[in-house]
Amino acid sequence: THTHSSITRHTHTQTLITHGHTLCTRIFFRDVIRALQRHSFGPPANNPYPVIVSIEMHCSVAFQDRMCEICRDVLGDMLYLLPEDCDSWDALPSPGELKYRILIKGKRFKKSSSLSISLSLSLSVSRSHGAAD
């Protein structure tokens with residue numbers, strides 16, 4: 001699965017995902033993360049290998065932090081967080097070690113002290129090992 005979206009707007013408490021310059025409707029970030037949690041590894045793909053989410057953010061630092069909270073709250077143990085000592089790793093975890101995990105990558109305006117993943121905003125969801133679409 002491959003999607004490209006942008007988070008550019010937010011309500012007073014909810015962050016919205018948009019797909020710039022298209023006719024796609026806006027959806028809540030939390031709803032996308034819930035869909036990832038519910039459907040990443042079950043039918044029809046039945047693929048245990050990690051899902052990689054690349055996010056490109058165009059929102060305030062406060063909403064970036066809120067998005068990190070949503071990812072932690074909704075995904076729980078499915079969310080792979082980098083350990084503090086990841087800079088000293090000799091090798092990255094194998095796809096087998098990351099089965100049933102969701103990885104989030106991207107850029108942020110500032111590093112969140114509460115979350116070791118970085119978010120940025122162009123929702124590109126892709127499987128690391130050729131899953132069925």
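Residues numbered from 1 in each chain as written. Predicted model: local features only at pLDDT ≥ 70, side-chain atom pairs only at ≥ 80, totals over all residues. Heavy atoms only, no water.

(A) Seen up close, the pairing of strand β2 (residues 15–18). Side-chain alternation along β2 places Thr-15 and Ile-17 on one buried face and Leu-16 and Thr-18 on a second face that is also buried. Pairing analysis gives 2 bridges linking β2 to strand β3 (residues 27–28), with the strands arranged antiparallel. Considered in β3, the bridge of Leu-16 is made with Phe-28. (Buried < 20%, exposed > 50% of the residue type's maximum accessible area, 1.4 Å probe, protein only. Helix = DSSP H or I, 4+ residues; strand = E, 2+ residues; numbered from the N terminus. Pairing = 2+ DSSP bridges.)

(B) View of the environment of Ile-27. Along the polypeptide, Ile-27 turns up in strand β3. Taking relative accessible area as the criterion, Ile-27 reaches 40% and is therefore assigned partly exposed. Residues Ile-27 and Leu-16, 11 residues apart in the sequence, show an inter-C-alpha distance of 5.5 Å.

(C) Structural view of helix α1 (residues 29–39). Where α1 is concerned, the buried positions are Phe-29, Arg-30, Val-32, Ile-33 and Leu-36. All buried residues of α1 fall inside an arc of 165 degrees around its axis, so they share one side. Within α1, the exposed residues directed more than 90 degrees away from the buried face are Arg-38 and His-39. (Arc of directions from axis to C-beta.)

(D) A look at unusual backbone geometry. For the peptide bond that leads from Pro-43 to Pro-44, omega is 5 degrees, which places it in the cis range. Mapped onto the elements of the fold, Pro-44 is located in the loop between α1 and β4 (51–56). For Tyr-100, which is not a glycine, the phi torsion comes out positive at approximately 60 degrees. Considering the arrangement of structural elements, one finds Tyr-100 in the loop between α2 (61–75) and β5 (102–107).

(E) Inspection of α2 at higher detail. With 15 residues, α2 ought to run about 21 Å at 1.5 Å a step, and its terminal C-alpha atoms sit 21 Å apart, in line with that. Turning to α2, its buried residues are Phe-63, Gln-64, Met-67, Cys-68, Ile-70, Cys-71, Val-74 and Leu-75. Buried residues of α2, viewed axially, fall in a sector of 160 degrees; they line one side. Structural note: α2 exposes Ala-62 and Asp-73 on the side pointing more than 90 degrees away from its buried face. Just downstream of α2 lies Gly-76, where phi reads positive at about 55 degrees. (Expected span 1.5 Å × (residues − 1).)

(F) Up close: the environment of Asp-73. On the secondary structure map, Asp-73 appears in helix α2. Separated by 39 residues in the primary sequence, Asp-73 and Arg-34 have C-alpha atoms spaced 9.9 Å apart.

(G) The arrangement of the nonpolar core in detail. Within the largest apolar cluster, 21 residues are counted, with the highest numbers of intra-cluster contacts made by Phe-29, Ile-33, Leu-75, Ile-102 and Ile-104. For this core, the elements supplying multiple residues, two or more each, are α1, β4, α2 and β5. (Core = buried A, V, L, I, M, F, W, Y, C linked by side-chain atoms within 4.5 Å.)

(H) Region of the structure containing the packing of α1 against α2. Look at α1 against α2: their axes get within 10 Å of each other, and the N-to-C directions meet at 30 degrees. Judged by the angle between their axes, α1 and α2 are roughly parallel. For α1 against α2, the interelement crossing comes out right-handed. Every residue of α2 that contacts α1 at Phe-29, Arg-30, Ile-33, Arg-34 and Gln-37 is listed here: Arg-66, Met-67, Ile-70, Cys-71, Val-74 and Leu-75. (Axes fitted to C-alpha atoms, helices over the stretch in contact; angles between N-to-C directions. Parallel < 35°, antiparallel > 145°, perpendicular 65-115°, else oblique. Left-handed = near helix turned anticlockwise from the far one by under 90°. Contact = heavy atoms within 4.5 Å.)

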